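What follows is each chain in one-letter form.
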Amino acid sequence: MLTPAQRQFLGHRRVAHLATVDGAGVPHVVPVCFIVDADRVFIAIDEKPKKARGKVLQRLANIGENPNVALVADHYDDTDWSRLGWVMIRGAAAVLNDRSDDKDYALAQRLLQARYPQLAAMTLTGLPVIAIQIVRVTSWGDLTAGGRA
């Protein structure tokens with residue numbers, strides 16, 4: 001579903017923004033670490049403190065109420081707007097965990113830790129992973145600009 005140019009662009013982005021919506025239609029957008037694998041995107045939930053004890057992260061709660069999500073990765077160049085570009089992925093998200101029988105959980109953790117040295121230094125066992133099944137991809141602008149930005 002991703003073109004080679006879109007896949008390469010996403011491979012050079014280190015952060016994307018995940019948009020979720022709760023059951024009442026209230027949006028929530030957060031920056032995330034991610035990796036594309038075939039027709040899916042995996043997003044890490046790492047061990048940094050992000051929540052009060054016992055409270056589910058808003059992005060995870062929203063996916064439980066409404067699995068439709070969007071993920072946007074972009075390149076912005078303040079000096080040359082001809083180099084602007086972005087890729088938006090829309091899809092159905094699921095929360096994977098190590099208690100499930102889903103083999104994708106271990107795969108996702110391995111891929112994410114290989115991509116991000118910071119995650120490789122963390123213990124991620126027991127922490128959830130967001131998996132997005134890609135349904136639609138939209139892109140705009142110069143997907144070759146920005147190199148490894």
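Structure first, text after, so check above.
Remember, it's a predicted structure, so these values are computed and weren't measured experimentally.

### A look at the pattern of salt bridges
Within the structure shown, the criterion is met by three salt bridges. Across the pair R40 and D104 runs a salt bridge, and its minimum N-O distance is 2.8 Å. Note that R40 is positioned in strand 4 (residues 40–44) and D104 in helix 3 (residues 104–115), a separation of 64 residues in sequence. Of the two residues examined, R40 and D104, each falls in the buried class. Where D77 meets R83, a salt bridge forms, and the shortest distance between an N and an O atom there is 2.8 Å.

### Considering the environment of F9
If you trace the backbone, F9 turns up in helix 1 (residues 4–12). With a relative accessible area of 1%, F9 lands in the buried category.

### A closer look at the pairing of strand 1 (residues 16–21)
Burial of the side chains of strand 1 is restricted to one face: A16, L18 and T20 are buried, whereas none of H17, A19 and V21 on the reverse face is. Alignment of strand 1 against strand 2 (residues 27–32), held across six bridges, turns out to be antiparallel. If you follow T20 over to strand 2, its bridge partner there is H28. Connecting strand 1 to the antiparallel partner strand 2 that follows it, the hairpin turn spans five residues, and G25 within it adopts a positive phi of roughly 90°. Pairing geometry for strand 1 and strand 5 (residues 68–75), over three bridges, is antiparallel.

### What about unusual backbone geometry?
One non-glycine residue, A38, lies in positive phi territory at about 55°. With respect to the secondary-structure elements, A38 resides in the loop between strand 3 (34–37) and strand 4.

### Overview of the nonpolar core
Counting residues in each nonpolar core, the largest one holds 38 residues, and the members touching the most others are L18, F34, I43, L71, I89, I130 and I132. Excluding residues within four positions of it along the chain, I43 makes contact with L18, V32, C33, F34, L71, L112, V129, I130 and I132.

### Observations regarding helix 3
Relative to the 16 Å expected for 12 residues at 1.5 Å per residue, helix 3 spans 16 Å between its end C-alpha atoms, a close match to the ideal helical length. Among the residues making up helix 3, those that are buried are D104, Y105, A108, Q109, L112 and R115. Each buried residue of helix 3 lies within a common arc of 135° when the element is viewed along its axis, so the set occupies one face. Away from the buried face of helix 3 by more than 90 degrees, exposed residues R110 and A114 are located.

### Brief notes about the side chain of T20
Relative to the elements of secondary structure, T20 occurs in strand 1. When its relative accessible area of 1% is taken as the criterion, T20 is described as buried. At 2.9 Å, the side chain of T20 and the side chain of N62 are in polar contact. Those residues in contact with T20, other than ones at most four positions away along the chain, are V26, P27, H28, R59, N62, I63 and V69.

Reading the values: the criteria
- For every chain, the first residue of the written sequence is number 1, and numbering continues from 1 onward in sequence order.
- Given that this is a predicted model, residues contribute local features only at a pLDDT of at least 70 and side-chain atom pairs are listed and counted only at 80 or more, while totals for whole chains, interfaces and linings are drawn from all residues.
- Hydrogens are left out, water is left out, and the side-chain values use all remaining heavy atoms of the structure.
- Here a salt bridge means any side-chain nitrogen of Lys or Arg lying within 4 Å of a carboxyl oxygen belonging to Asp or Glu.
- The numbering of helices and of strands both runs from the N terminus, where a helix is a DSSP run of H or I of at least 4 residues and a strand a run of E of at least 2.
- Only protein chains enter the accessibility calculation, which uses a 1.4 Å probe; a residue is then buried when its area is under 20% of its type maximum, exposed when over 50%, and partly exposed in between.
- A pair of strands counts as paired when DSSP detects no fewer than two bridges linking them.
- Grouping buried Ala, Val, Leu, Ile, Met, Phe, Trp, Tyr and Cys residues that are joined through side-chain atoms within 4.5 Å yields what is termed a nonpolar core.
- Note on contacts: a residue pair is in contact if any heavy atoms of the two residues lie within 4.5 Å.
- Given the number of residues in a helix, its expected span is that number minus one, multiplied by 1.5 Å.
- Think of the arc as the fan of directions from the helix axis to the C-beta atoms.
- Whenever two N or O atoms come within 3.5 Å, that pair is a polar contact, provided that in protein one can donate a hydrogen and the other can accept it, and provided that, for residues adjacent in sequence, both atoms are side-chain atoms.

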